[in-house]
Amino acid sequence: MKRFLRVTGWSLLAVVVASSVIVGVRFGIAQAAVDRFDRTPPTRLESIGTVEHLTILPLFEKATSSTDLAMGHGVGYLVQTDAGTILVDVGFNPENLDPSPIEQNMAALGVTLDTIDTIFITHHHPDHTGGVTWWQQGTFSLGTTQVDLADKQILTPIALTYPGAKPEAAAAPRVLAPGIVALGAIPFVDVFPLSLVRPQMIEQVLAVNVADVGVILISGCGHPGLERMVETAEQVLGQPVAGIVGGLHYGEGVTPAVNAGIALLEEHDAALVALSPHDTGAAGLKAFATAFGAAYHPVAVGEPIVVR
Ligand SMILES: [Zn+2]
Ligand SMILES: [Zn+2]
C-alpha cells in the first residue's frame, strides 16, 4: 500500500511538472509572437480614402437605451457609412434563445441582414461569435441557426468556417472600401482560462477615416491593448487616431492602465471616446467620461453614435 501511494505520488508530480512545462512553453511561444509583432512595423497603406458619414449603432452590448431591447455580455455593432455597412461581431446567446438577443434587437431597430455588406469578427471569443457552441466549432452565428451569409464579405481574425460562405482570415492590413480599413492581425496572449486551450490569439481592429474628423478605431475586446492598437493604426494609415469605439478590456477599477489609456487619448485630443461596458467596469467608464466630457459617448444597444 505504501509503495502504491509512493508510486502514485511520484506519477502525479511528474504529470503536474510535465503539464506546467507544456503550458509554460506554449505561453512563451504566444508571447514571442507578440514581441515579434512589436518589432515588425506593419505595411503602410497608401491613399486609404475617407467616408463622409459614420454612425455606429450598438446591436448587442452590456447596456441598453431602452428596456424593450435585449442586452448581455458581448459586442455587436452596426457600422454604417456611405461606403458600406459592416457588422462588427455578432454578440452572445448564452441562453440559446431563438431569436437570439442580437436578432431581437435587429428586428426591434429595423435592421435587416440585406443592408449589411461585411461581417467583421474581431476575435474568436464566445461573446463576439454568438456563443460557446459556435465558438467550440470554430465558426460563428447570429442566432441558433446559421443564416445564409453567402453574399457577404466575411473577415475573421483566424481561420473560421461558415456554411456556404468563405470567411477570410486577417493577415496584412487592407482597404475594404474607400475610408474603411481592416488593420490586419494583431496578436495577443489569451486571457485565462481560454489561454489553456490556445494561448496565442489574434484580434483585428476596424479603422474608419472620417472626413474632417480623422481615424476612428472600432474594437471588440481590445485585448492587444489601446497603445498597441493605436500604434498599429498610425503605422498602417500614416495619420493620427482621432477616436475609439468599443472594448478596451480594462476590467474593474481605475487601474494604472485606465490612466495610461486616458493620457494617450488626451495626447491625441480625441474627438470621440466610447468605451464598451462589457469589458470595462463602471469606475473605469466614469474616469473616461470625466476626462473626455463632450467627446465621451456611452455605448448602449439602440443608441446610435453619430460621428458625422
Ligand atoms: Zn469581449
Ligand atoms: Zn475577448
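The structure we're discussing is the one just above.
Since the structure is predicted, the reported quantities are computational estimates derived from the model, not experimental observations. (Residues numbered from 1 in each chain as written. Chains lettered and ligands numbered in written order. Predicted model: local features only at pLDDT ≥ 70, side-chain atom pairs only at ≥ 80, totals over all residues.)

Novice: Can you help me understand the nonpolar core in this one?
Specialist: Proteins that are soluble and globular tend to have nonpolar side chains buried together. Ranked by size, the top nonpolar core spans 79 residues in total, and within it Leu-206, Ala-207, Val-208, Ile-216, Leu-217, Ile-218 and Ala-233 carry the most contacts. If you tally residues by element for this core, the top one is helix H5 (residues 226-237), at six residues. (Core = buried A, V, L, I, M, F, W, Y, C linked by C-beta atoms within 7 Å. Buried ≥ 20, exposed ≤ 12 C-beta atoms within 10 Å, placed from the backbone. Helix = DSSP H or I, 4+ residues; strand = E, 2+ residues; numbered from the N terminus.)

Novice: Please clarify how the sheet that holds strand S1 (residues 54-60) should be interpreted in this entry.
Specialist: Here seven strands make up an open sheet; going across it, the order is S6-S5-S4-S3-S2-S1-S15 and the pairing mixed. Two strands lie at the open edges of the sheet, namely strand S6 (168-169) and strand S15 (305-306), each paired on one side alone. As judged from the three bridges shared by strand S3 (residues 84-88) and strand S4 (residues 118-120), these two strands associate in the parallel manner. Within S4, the residue paired with Ile-86 across the bridge is Thr-118. Along the sheet, helix H2 (residues 101-108) makes contact with S1 and strand S2 (76-81), crossing S1 at roughly 130°. (Pairing = 2+ DSSP bridges. Contact = placed C-beta atoms within 7 Å. Axes fitted to C-alpha atoms, helices over the stretch in contact; angles between N-to-C directions.)

Novice: Help me understand the packing of helix H6 (residues 256-267) against helix H7 (residues 282-292), please; the structure alone is not making it clear to me.
Specialist: Geometry of a packed helix pair, given as the angle between the helix axes and the separation of the axes. Two elements in contact, H6 and H7, have axes separated by 10 Å at closest approach and are oriented at 25°. Of the possible angle classes, the one that applies to H6 and H7 is roughly parallel. Crossing of H6 against H7: the hand is right-handed. In contact with Val-258, Ile-262 and Glu-266 of H6, H7 contributes Gly-284, Ala-287, Phe-288 and Ala-291. Considered class by class, the residues forming the contact of H6 with H7 number five nonpolar, one polar and one charged. (Parallel < 35°, antiparallel > 145°, perpendicular 65-115°, else oblique. Left-handed = near helix turned anticlockwise from the far one by under 90°. Nonpolar A, V, L, I, M, F, W, Y, C, P; charged D, E, K, R; others polar.)

Novice: Quick question: what am I supposed to make of H7 here?
Specialist: Count 3.6 residues to each turn of an α-helix, and residues three or four apart come out pointing the same way. Buried residues of H7: Gly-284, Leu-285, Ala-287, Phe-288 and Phe-292, and no others. Buried residues in H7, looked at end-on, bunch into an arc of 155°, giving them a common side. Along H7, the residues that are exposed and aim more than 90 degrees away from the buried face are Ala-282, Lys-286 and Thr-290. The positive-phi residue at the C-terminal boundary of H7 is Gly-293, with phi of around 50°. (Arc of directions from axis to C-beta.)

Novice: Just to check I follow, could you spell out the sheet that holds strand S8 (residues 180-182) for this structure?
Specialist: Strand pairing in a sheet takes place through backbone hydrogen bonds and is either antiparallel or parallel in direction. Pairing is mixed in the open sheet, where six strands are placed in the order S7-S8-S11-S12-S13-S14. Both outer strands of the open sheet, strand S7 (174-177) and strand S14 (272-275), are each paired with one neighbouring strand and no more. Going across the sheet, the axis of each strand differs from the next one's by a mean of 25°, ignoring polarity. Sheet topology places strand S12 (residues 214-219) next to strand S13 (residues 241-246); five bridges connect them, and they run parallel. By the bridge assignment, Ile-218 is partnered in S13 with Val-245. Sheet strands touched by H5: S8, strand S11 (206-210), S12 and S13. Its angle to S12, the strand with the most contacts, is close to 135°.

Novice: Teacher, can you tell me more about the pairing of S7 here?
Specialist: Pairing geometry for S7 and S8, over three bridges, is antiparallel. Directly across from Ala-177, in S8, lies its bridge partner Ile-180. Where S7 hands over to S8, the hairpin turn is made up of two residues, of which Gly-179 adopts a positive phi near 90°.

Novice: What is the right way to look at the pairing of S13 in this model?
Specialist: Burial within S13 is extensive, with six of its six residues counted as buried. As judged from the four bridges shared by S13 and S14, these two strands associate in the parallel manner. In the strand pairing of S14, Val-245 is matched with Ala-274. Crossover S13 to S14 through H6 is right-handed. (Right-handed = clockwise from strand over helix to strand, strands pointing away.)

Novice: What is the right way to read unusual backbone geometry from this model?
Specialist: Trans peptide bonds make up most of the peptide bonds, and negative phi angles are found at most residues other than glycine. Cis peptide bonds are those with omega within 30 degrees of zero, and the linkage from Asp-98 to Pro-99 qualifies with 0°. Within the secondary structure layout, Pro-99 lies in the loop between S3 and H2. With a phi angle near 40°, Ser-47 is a residue other than glycine that sits in the positive phi range. Counting through the fold element by element, Ser-47 comes out in the loop between helix H1 (2-39) and S1. The backbone of Asp-89 sits at a positive phi, close to 70°, despite the residue not being glycine. As for its placement among the helices and strands, Asp-89 is situated in the loop between S3 and H2.

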